[in-house]
Amino acid sequence: SKEMPELDWIKLDGASYYGELAINAVTFHVGTGYVRTRAYNGMIPGPLIRMKACGKYYLNVLNKMNDWPAYITDDVNVMKNPTATNLHLHGLHISGEPPGDDVFGEILPGEAKVYEYIIPCDHVGGANWY
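Notes on the structure follow. All of these numbers come straight from a predicted model, not from anything done at the bench.

What counts, and where the lines are drawn
- Residues numbered from 1 in each chain as written.
- Predicted model: local features only at pLDDT ≥ 70, side-chain atom pairs only at ≥ 80, totals over all residues.
- Heavy atoms only, no water.
- Helix = DSSP H or I, 4+ residues; strand = E, 2+ residues; numbered from the N terminus.
- Buried < 20%, exposed > 50% of the residue type's maximum accessible area, 1.4 Å probe, protein only.
- Contact = heavy atoms within 4.5 Å.
- Areas by Shrake-Rupley, 256 points an atom, 1.4 Å probe, with all protein chains shown as cover.
- Lys, Arg positive; Asp, Glu negative; His and termini not counted.
- Charge placed at Lys NZ, Arg CZ, Asp CG, Glu CD.
- Phe/Tyr/Trp six-rings, centres within 6.5 Å; stacked < 30°, edge-to-face > 60°.

### Digging into the overall build of the protein chain
(1) Moving on: Helices and strands together make up the secondary structure of the protein chain, namely 0 helices and 5 strands.
(2) Moving on: Overall, the protein chain is about 45 × 40 × 25 Å in size when its C-alpha atoms are taken along their principal axes.
(3) Moving on: Classification of the 130 residues of the protein chain by burial places 32% in the buried group.
(4) Moving on: Pairs at least 24 apart in sequence give 59% of the contacts found in the protein chain among residues at least 6 apart.
(5) Moving on: Total accessible area computed for the protein chain in this model is approximately 8500 Å², and 55% of it derives from carbon and sulfur atoms.
(6) Moving on: Seen as two clouds, the 10 positive and the 15 negative side-chain charges of the protein chain have centres 6 Å apart.

Below is the structure:
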């Protein structure tokens with residue numbers, strides 16, 4: 001079986017770590033044609049992100065969708081802006097306030113945002129998703 005690629009963390013000090021996650025446009029060969037879509041760090045699905053209890057993680061999310069044409073609309077029930085992004089984690093018991101897991105944030109093309117995740121020491125292990 002194949003190992004899932006993991007996000008590389010850089011140890012800062014003590015139990016603090018820094019990593020980067022970039023969203024960019026990629027083209028994949030599928031069957032007899034090509035598909036252009038969004039990917040995290042150039043892959044679908046994005047990399048496995050491992051965090052440990054008692055750790056403090058700084059994740060810099062970079063939006064590199066500058067070459068994808070923006071389609072911005074006020075219409076309902078349609079994708080509003082496929083070039084904007086955000087990051088939201090499911091299953092971790094962490095702050096929902098900035099600079100933590102802010103579900104209302106928006107990262108536009110060419111922008112970056114550093115999320116700060118403080119994992120409680122009593123947090124149980126598990127498989128969570130983003």
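What follows picks up the thread again.
### With respect to the packing of aromatic side chains
(1) Moving on: Scanning the entire structure with this criterion turns up 4 aromatic pairs.
(2) Moving on: Taking 5.1 Å as the distance between ring centres and 15 degrees as the angle between the ring planes, the aromatic pair formed by Tyr17 and Tyr57 counts as stacked. Residue Tyr17 is located in strand E2 (residues 16–30), and its partner Tyr57 is located in strand E4 (residues 56–64); the two are separated by 40 residues in the primary sequence.
(3) Moving on: With relative accessibility at 3%, the residue Tyr57 sits in the buried group.
(4) Moving on: Here the aromatic rings of Tyr40 and Tyr130 are separated by 5.8 Å at their centres, their planes lie at 75 degrees, and the arrangement is edge-to-face. Taken together, the residues Tyr40 in strand E3 (residues 33–40) and Tyr130 in the segment after strand E5 (112–118) connect sequence positions 90 residues apart.
(5) Moving on: Chaining the aromatic ring pairs together yields one cluster made of Trp9, Tyr17 and Tyr57.

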